[in-house]
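# Notes for the structure review
Spelled out from the first residue to the last, the chains are:
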Amino acid sequence: MTGKNALVTSAAEQPAPRKKTGRRPGGADTRRTVLEAARAEFAARGYQKASMRAIARAAGVDAALLHHYFGSKDKLFLAALEFPVDPRLMVEQVLAGDRAEVGERVARFVLALWEQPTVRDRLLAVLRTAAASEEVAGLMRGFMVTELVSRLAVGLDVPQPELRVELVMSQILGLAMARYVIAVEPLASAPAEELLPLLARAVQGYLVEA
């Protein structure tokens, strides 16, 4: 058979293309799907019990893709909640250097974050959401205990390290509420450099002094 009929017959004999199966490839839509699955998994199981494997399964992707995008569960959690601060950075900041200056390092780190308008807005959004939602509060509690309190307490050679770290957290959250939410004067309008030594002294007492 030749000519046009041969071309038609040859095309008809070709096998139909197979539909793609298996895990979803990477891309912007996939990342969005993973974040949605992560939010649902964290909400259902809490931070400690949620697993990367379960999140990958819910999103229809391979677990290796989650590690490619986010690296670890804590970073996936931060991305899912759009949380702008990595607590591990704070742990590194606290434990690095002379313990006699740990209070100043923490205070400088915290004030530098809160004085950035875009970061402050996101932190306040998370804080307000956690205050209004027990579900979000529970997620944040589990995350902060695992990734901040426990990690920092291990590196502190003081009695009751977990309690001390949580007292520092209460100091920071109290400052945020009074300065940026309630706007109590003169705290609300005081320059950050004026607050720095006062906050540093309080943090130093919590983390170092016996």
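My aim in this report is to walk through the structure given alongside it, one point at a time.

What counts as what
- Residues numbered from 1 in each chain as written.
- Predicted model: local features only at pLDDT ≥ 70, side-chain atom pairs only at ≥ 80, totals over all residues.
- Heavy atoms only, no water.
- Helix = DSSP H or I, 4+ residues; strand = E, 2+ residues; numbered from the N terminus.
- Buried < 20%, exposed > 50% of the residue type's maximum accessible area, 1.4 Å probe, protein only.
- Lys, Arg positive; Asp, Glu negative; His and termini not counted.
- Salt bridge = Lys/Arg side-chain N within 4 Å of Asp/Glu carboxyl O.
- Contact = heavy atoms within 4.5 Å.
- 1 Å grid on protein atoms, 1.4 Å probe; cavity = no way out; pocket = protein on both sides within 12 Å on 5 of 7 lines; lining within 4 Å.
- Points joined across faces, edges and corners; volume = space filled by probe spheres on them.
- Nonpolar A, V, L, I, M, F, W, Y, C, P; charged D, E, K, R; others polar.
- Phe/Tyr/Trp six-rings, centres within 6.5 Å; stacked < 30°, edge-to-face > 60°.

### Some words on the side chain of Arg120
With respect to the helices and strands, Arg120 occurs in helix 8 (residues 117-132). Nearest to the buried, unbridged Arg120 among oppositely charged side chains is Asp121, at 4.8 Å. Other than its neighbours up to four places away in sequence, Arg120 contacts Leu113, Trp114, Glu115 and Tyr180.

### Side note on the layout of surface pockets
The calculated volume of the largest pocket comes to roughly 700 Å³. Along its surface, the largest pocket is lined by 29 residues, and Phe83, Met140, Met144, Met169 and Leu173 are the ones closest to its centre. Where the lining of the largest pocket is concerned, the elements lending two or more residues are helix 6 (87-95), helix 7 (102-114), helix 8, helix 9 (134-154) and helix 10 (161-181). With eight residues, helix 9 is the largest single contributor of residues to the lining of the largest pocket. Considered class by class, the residues forming the lining of the largest pocket number 27 nonpolar, no polar and two charged. One number sums up the size of the second largest pocket: a volume of about 220 Å³. Looking at the lining of the second largest pocket, the elements that each hand over two or more residues are helix 2 (28-49), helix 8 and helix 9. Sort the elements by how many residues they give to the lining of the second largest pocket and helix 8 lands first, with four residues. Of the residues that constitute the lining of the second largest pocket, the class distribution is seven nonpolar, one polar and four charged.

### With respect to the pattern of salt bridges
Note on pairing: side chains with opposite charge can pair once their charged atoms come close. According to the stated counting rule, one finds eight salt bridges in the structure shown. One salt bridge in this structure joins Glu147 and Arg88, with 3.4 Å as the shortest N-O distance. Here the residue Glu147 occupies a position in helix 9, and Arg88 occupies one in helix 6, the gap between them amounting to 59 residues. Note on Glu147: relative accessible area 5%, which makes it buried. Through salt bridges with shared partners, a single ionic network connects Asp74, Arg88, Glu147 and Arg151.

### Overview of the packing of aromatic side chains
Inspection of every chain in the model, using the stated rule, returns four aromatic pairs. Seen in terms of ring centroids, Tyr69 and Phe70 are 5.9 Å apart; in terms of plane orientation they differ by 55 degrees. Their pairing is tilted. Of the residues examined, Tyr69 reaches a relative accessible area of 27% and is grouped as partly exposed. A network of ring pairs unites the aromatic residues Phe42, Phe77 and Phe143 as a single cluster.

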